[in-house]
Amino acid sequence: MRRIIYDVAVSADGFICGPSGDISSFPATGDHLTAYQARLATYSTVIMGRQTYEFGYGYGLEPGARAYPDMDHHIFSRTLELPEGAEVAVVRVGWSEVLERLRKTGTGDIYLCGGGLFAAWVAGCGALDRLRIKRAPAILGNGIRLFDGLTTPLKLRLDQTVKHESGVVFEDYAVLPS
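Let me begin by describing the structure that accompanies this report. Counting starts from 1 at the beginning of each chain's written sequence and moves along it residue by residue. pLDDT decides what is reported in this predicted model: residues at 70 or higher carry local features, side-chain atom pairs at 80 or more are listed and counted, and totals for whole chains, interfaces and linings draw on all residues regardless. Water and hydrogen atoms were dropped before computing side-chain values, which therefore reflect all heavy atoms in the structure.

Below, the discussion takes up the overall build of the chain. Scanning the chain from N- to C-terminus turns up 4 helices and 10 strands. Each helix corresponds to a stretch of at least 4 residues labelled H or I by DSSP, and each strand to a stretch of at least 2 residues labelled E; elements are numbered beginning at the N terminus. When the helices and strands of the chain are read in sequence order from the N terminus, they spell out β-β-α-β-α-β-β-α-β-α-β-β-β-β. Within the chain, buried positions represent 43% of all 178 residues. Once local pairs closer than 6 in sequence are excluded, the contacts in the chain between residues at least 24 apart make up 70%. Carbon and sulfur atoms provide 53% of the accessible area of the chain, an area that totals close to 9100 Å². A gap of 7 Å separates the mean positions of the 18 positive and 20 negative side-chain charges of the chain. Relative accessible area decides the class of each residue, using a 1.4 Å probe on protein chains only: under 20% of the type maximum gives buried, over 50% gives exposed, and in between gives partly exposed. In this description, contact between two residues means that some pair of their heavy atoms is separated by no more than 4.5 Å. The Shrake-Rupley method, run with a 1.4 Å probe, gives the accessible areas here. Residue values count only the displayed protein chains as cover. Residues counted as positive are Lys and Arg, residues counted as negative are Asp and Glu, and His and the chain ends are not counted. The atoms used to mark charge sites are NZ of Lys, CZ of Arg, CG of Asp and CD of Glu.

As structure tokens, then:
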């Protein structure tokens, strides 16, 4: 079964972005990005919610295009409208069933690319296998939480920590059975 891995930048106080999607406090350059790019190459599929997908529009992503050219895309949204011939699949219904089918078919790990609400839903379903965080040396105070609305505690095992010269600390956790 393929693993679902939440690989995300987070502030020291647990936010994946500040108010209005502000990510300016996260280091945009440095050795942590080289490591992240190497991890991206190991994922064959990406899953995300609508807000995360639409966030890319502000950085030049065209509606319907792939945010990660070498990955199969599944956007979980009941409301996202895309142009005819979109390169990404929109999952409108049967979210749990689609998630389970993705885990059982194909090869390579599945990249959970935010956001906090969607990550909380995936974790709440018991489908999250790993948590990889790039902890930025910043305090945001508010914004979108790493797991926004998670009601079931997660048990984790820290498998790796890397302190980057950029000040970002990478932490790789296994999600343990409850």
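After that view of the structure, there is still more to cover.
Turning to helix H1 (residues 31-40), a few remarks are in order. Listing the buried residues of H1 in full gives His32, Tyr36, Arg39 and Leu40. For H1, the buried positions fall inside an angular range of 100° around the axis, keeping them on one side. Buried-residue contacts for H1 involve strand E1 (4-11), strand E3 (43-49), strand E6 (109-112), strand E7 (130-136) and strand E10 (169-176). By construction, the arc corresponds to the directions joining the helix axis to the C-beta atoms.

Nine residue types can take part in a nonpolar core, namely buried Ala, Val, Leu, Ile, Met, Phe, Trp, Tyr and Cys, and a core is a set of them joined through side-chain atoms within 4.5 Å. Residues Tyr6 and Ile47 are the most contacted members of the largest nonpolar core, which totals 27 residues. When contributions to this core are tallied by element, the ones reaching two or more residues are E1, helix H3 (95-104), E6, helix H4 (116-124), E7 and E10. When residues of this core are assigned to their parent elements, the largest contribution, 5 residues, is made by H4. Apart from residues no more than four positions distant in its own chain, tyrosine 6 is found in contact with Ile16, Leu112, Gly114, Gly115, Gly116, Ala119, Leu128, Arg130, Leu131, Arg132, Leu146 and Phe147. Among the nonpolar cores identified, the runner-up in size contains 16 residues, and Tyr36, Leu40, Ile75 and Val88 belong to it.

Turning our eyes to something else, we now look at a nonpolar patch on the surface. A surface patch of nonpolar side chains, amounting to about 300 Å² of accessible area, comprises Ile23, Phe55 and Tyr59. Tracing the chain through its elements places isoleucine 23 in the loop between strand E2 (15-17) and H1. Residue isoleucine 23 is classed as partly exposed on the basis of its relative accessible area of 31%. Surface patches are drawn from residues lacking salt bridges whose relative accessible area is over 30%; two like charges belong together within 9 Å, two nonpolar side chains (Val, Leu, Ile, Met, Phe, Trp, Tyr) within 5 Å. Definition used for salt bridges: Asp or Glu carboxyl oxygen within 4 Å of a side-chain nitrogen of Lys or Arg.

Time to look at the sheet that holds strand E4 (residues 72-76). Ordered by their spatial adjacency, 8 strands build an open sheet running E5-E4-E3-E6-E1-E7-E10-E9, and the pairing between neighbours is mixed. Of all strands in the sheet, those with a lone pairing partner are strand E5 (89-91) and strand E9 (155-163), marking the two edges. Each strand axis lies, on average, 25° off the axis of its neighbour in the sheet, ignoring direction. Sheet topology places E3 next to E6; 4 bridges connect them, and they run parallel. Paired with threonine 45 across the strands is isoleucine 110, a residue of E6. Of the strands in this sheet, E1, E3, E4, E5 and E6 touch H3, which is tilted by about 160° from E4. Any two strands with at least two DSSP bridges between them are considered paired. Only C-alpha atoms enter the line fits that serve as axes; for helices the fit covers just the stretch in contact. Angles between N-to-C directions range over 0 to 180 degrees.

Attention shifts here to the packing of H3 against H4. The geometry of H3 relative to H4 is characterised by a closest axis approach of 11 Å and an angle of 75° between their N-to-C directions. Put simply, H3 runs roughly perpendicular to H4. Every residue of H4 that contacts H3 at Trp95, Ser96 and Leu99 is listed here: Phe118, Trp121 and Val122. A class-by-class count of the residues in the contact of H3 with H4 yields 5 nonpolar, 1 polar and no charged. Working definition: roughly parallel below 35 degrees, roughly antiparallel above 145 degrees, roughly perpendicular at 65 to 115 degrees, and oblique for all remaining angles. Each residue receives one of three labels: charged for Asp, Glu, Lys and Arg, nonpolar for Ala, Val, Leu, Ile, Met, Phe, Trp, Tyr, Cys and Pro, and polar for the others, Gly being one of them.

Aromatic rings from Phe, Tyr and Trp, with only the six-membered ring used for Trp, were paired whenever their centres fell within 6.5 Å, and each pair was classed as stacked if the ring planes differed by under 30 degrees, edge-to-face if by over 60, and tilted otherwise. Counted under the stated rule, the structure contains 11 aromatic pairs. Ring geometry for tyrosine 53 versus tyrosine 57: centroids 5.7 Å apart, planes at 80°, classification edge-to-face. Through pairs of rings, three or more aromatic residues link up here, namely Phe76, Trp95, Phe118 and Trp121. Two conditions define a charge located above a ring, namely a distance within 6 Å from the ring centre to NZ of Lys or CZ of Arg, and an angle within 35 degrees of the ring normal. Lying across the ring of tryptophan 95, arginine 78 places its NZ or CZ 4.4 Å from the centre.

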